[in-house]
Structure formats: C-alpha cells, structure tokens
Amino acid sequence: MASTTLDESVRSPAWLRYLRQLWQRREFAWYLAMGKLRARNASTALGLLWWVINPLLLAGIYFFVFGVILNTRRGDPNYLAYLVSGLFVFHYTSSSMTAGANSILSGSKLLVNLNFPRLILPISAIIEAGVGFLVSIVVFFALIIPLSGSAPSWGLLLLIPAFLLQTSFNVGLAAITARLAVPFRDIDNLLPYLLRLWLYLSPIIWPISTIDNAPAWAQRMMLANPLYWLLEIYRGALLGRVITPTAWWLASSWAIVVLVVGVTAFVRREGQMVRYL
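A brief structural summary. Bear in mind that the values here come from a model prediction, so they are computed numbers and not experimental data.

## Considering the layout of surface pockets
Approximately 490 Å³ is the volume found for the second largest pocket. Lining the second largest pocket we find 21 residues, and of these Leu 22, Leu 119, Ile 123, Val 171 and Leu 259 sit closest to its centre. Secondary-structure elements contributing two or more residues to the lining of the second largest pocket are α2 (14–24), α7 (120–148), α8 (159–181) and α12 (245–269). Considering every element that reaches the lining of the second largest pocket, the biggest residue donor is α7, with 6 residues. For the lining of the second largest pocket, the class distribution of residues is 18 nonpolar, 3 polar and no charged.

As structure tokens, this is what we get:
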C-alpha cells in the first residue's frame, strides 16, 4: 500500500505535489501570519487599528489638498467615499508587496532550520495583510457610507469575488517581490517609490473622468493598469456604481497572469534562496 502511494506521488506532476505540500502546511501559514500580526501590534496602543488609521489619515490629507484646494472632485458628492475606498484597496496591495519583499529575509532562520515550501512565507504575509484589509472594510461601512449617504445593497456581495481576485493578484506580486528581494536587497529601498508612482497613476486621488481629455497614449496606459479594473469592481460594490463586464474580464485576467508568473518565478528559484541569506 505504501509503495502504491509512493508511485502515485512520483507520477503526479511537480506542481500538483507542491500544491499538496502547501495545503498540508496551511495551518503553519495561518499561525505564522497571526504571530507576526500580534508581534507587529503588541508595541502600539491601537494595534490593528493602525491598518485603518493610516489610509484614513492619508485620505484626510489628499481630500484637503486635492478635493478642497485643487477641487479635483469636480462636484462628485461621494468623492470622500471614492477616495477612501481607493486608498484601502491600494493599501492592501502595497502592504502585500512590501510584506512579501520582507518575508524571506525576516524568515531566514526558518528557511535554514526547517523544510517546507518557501512560498508559505509570502502567503503568510498576504494573510496578515488580508486580515487588516477586512477590518478596514468594516470601518468603511461604519464611517464612510453614512457620510456619503449611500445605503448598503445586495451589490455588496460582489466584494467576495473582488477580494478573491485582488488576493490572487497580491499573492503573485508578493511572490515576485520576495523572489527579487533575496538576491537584490535594494528592492526594499526602491519599492516605496514604485508604489508611490503607482498610487498617482491609479484612479484613487483623481476621478476616472480625468482621463477623458488625456492623450490617447495616456488613456491606454491608464487602462493597462490592473488596479484600474479592481477599483472599478470595488467601487461598484461599495458605492453602488456600474461594473462593466470588461472590468471583470480584465481584473480576472490580470489576477491569473500575475499569480501564475509570480508563483512560477518564485518556486523555480526557491531552492537557491538559502545561499543568499
């Protein structure tokens, strides 16, 4: 019987065996993420609430500068909800990328002493960021929706597929940054600037109507931004706006492509990571 099981294991594709190993260690990934979350928030008085406070503070600054002084909102009565929802979504992705870049280096002792799929470390970083993001969604309902005057509807159920798509997208990005951070330690210094550029190139601070008068090349560049389509889905669910089929199709395509590329690049090189630590 044991021989039969071994033969089946040998005959199964390598990627399938890897997925089985990940699934078998799912509790390890969860406890690792929760341990980091508790350790990160143990030294602060507000703890996990900082995951919510940070984007809210940024929203206050951007709302005053762009919404009041520069009048970027252009008469949008829900601009505050539009801004905050975009910042929360972006914060989930940016936190996932940053945590992914640090996951291998911070877990170097585990890599040296334990045998497990190295992808567990970026995945645990995504779990940690995902918990914070889910908390932020609750705060969004509690604070922003009453201020914006929009009422909850059945469209909120669309948050479930939106969250799954973004999480898949974030896993791929975290795997890429984790893969790059091991041989290239400078990625930690470069990443904040790349994320800030991505923030300004995404329809978060500025309304989507801004690109209507932009040059054709700028419009194509904006439409090639995966966050553009994820934001359309989230805002459709949260603010009751129309979600086009194109948004679903392109957001799903981006999530699948980035997930496959990121995970493949990471797994192919994970056996060589220890030599750089």
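Resuming the write-up.
## Some remarks on the packing of aromatic side chains
Summed over the entire model, instances satisfying the criterion amount to 7 aromatic pairs. For the pair Tyr 92 and Phe 163, a centre-to-centre distance of 5.8 Å together with 10 degrees between the ring planes defines the contact as stacked. Of this pair, Tyr 92 sits in helix α5 (residues 79–106) while Phe 163 sits in helix α8, placing them 71 residues apart in sequence. Note on Tyr 92: relative accessible area 0%, which makes it buried. Considering the side-chain rings of Tyr 228 and Trp 229, the 4.8 Å spacing of their centres and the 65 degrees angle between planes classify their relative orientation as edge-to-face. Across this residue pair, the class does not change: Tyr 228 and Trp 229 are buried. Among the aromatic residues, ring-to-ring pairing joins Tyr 92, Phe 133, Phe 163 and Tyr 234 into one connected group.

## A closer look at the environment of Lys 36
Structurally, the position occupied by Lys 36 is in helix α3 (residues 26–42). Classification of Lys 36 as partly exposed rests on a relative accessible area of 24%. Between the alpha carbons of Lys 36 and Glu 128 there is a distance of 7.5 Å; along the sequence they are 92 residues apart. Among all residues touching Lys 36, those that are not within four sequence positions of it are Ser 103, Ser 106, Ser 124 and Glu 128.

## With respect to the side chain of Asn 170
Along the chain, Asn 170 falls in helix α8. Exposure remark for Asn 170: the relative accessible area of 0% places this residue in the buried category. Setting aside residues no more than four positions away along its own chain, Asn 170 makes contact with Tyr 92, Thr 93, Ser 96 and Ile 126.

## Describing the packing of α5 against helix α11 (residues 226–239)
Axis separation between α5 and α11 bottoms out at 10 Å; the angle between their running directions is 130 degrees. The angle between the axes of α5 and α11 places the two elements in the oblique class. For the element pair α5 and α11, the recorded crossing hand is right-handed. For the pair α5 and α11, contact is made by Ala 81, Tyr 82, Ser 85, Gly 86, Val 89, Phe 90 and Thr 93 and by Leu 227, Leu 231, Tyr 234, Arg 235, Leu 238 and Leu 239, respectively. Among the residues making up the contact of α5 with α11, the classes are represented as 9 nonpolar, 3 polar and 1 charged.

Reading the values: the criteria
Residues numbered from 1 in each chain as written. Predicted model: local features only at pLDDT ≥ 70, side-chain atom pairs only at ≥ 80, totals over all residues. Heavy atoms only, no water. 1 Å grid on protein atoms, 1.4 Å probe; cavity = no way out; pocket = protein on both sides within 12 Å on 5 of 7 lines; lining within 4 Å. Points joined across faces, edges and corners; volume = space filled by probe spheres on them. Helix = DSSP H or I, 4+ residues; strand = E, 2+ residues; numbered from the N terminus. Nonpolar A, V, L, I, M, F, W, Y, C, P; charged D, E, K, R; others polar. Phe/Tyr/Trp six-rings, centres within 6.5 Å; stacked < 30°, edge-to-face > 60°. Buried < 20%, exposed > 50% of the residue type's maximum accessible area, 1.4 Å probe, protein only. Contact = heavy atoms within 4.5 Å. Axes fitted to C-alpha atoms, helices over the stretch in contact; angles between N-to-C directions. Parallel < 35°, antiparallel > 145°, perpendicular 65-115°, else oblique. Left-handed = near helix turned anticlockwise from the far one by under 90°.

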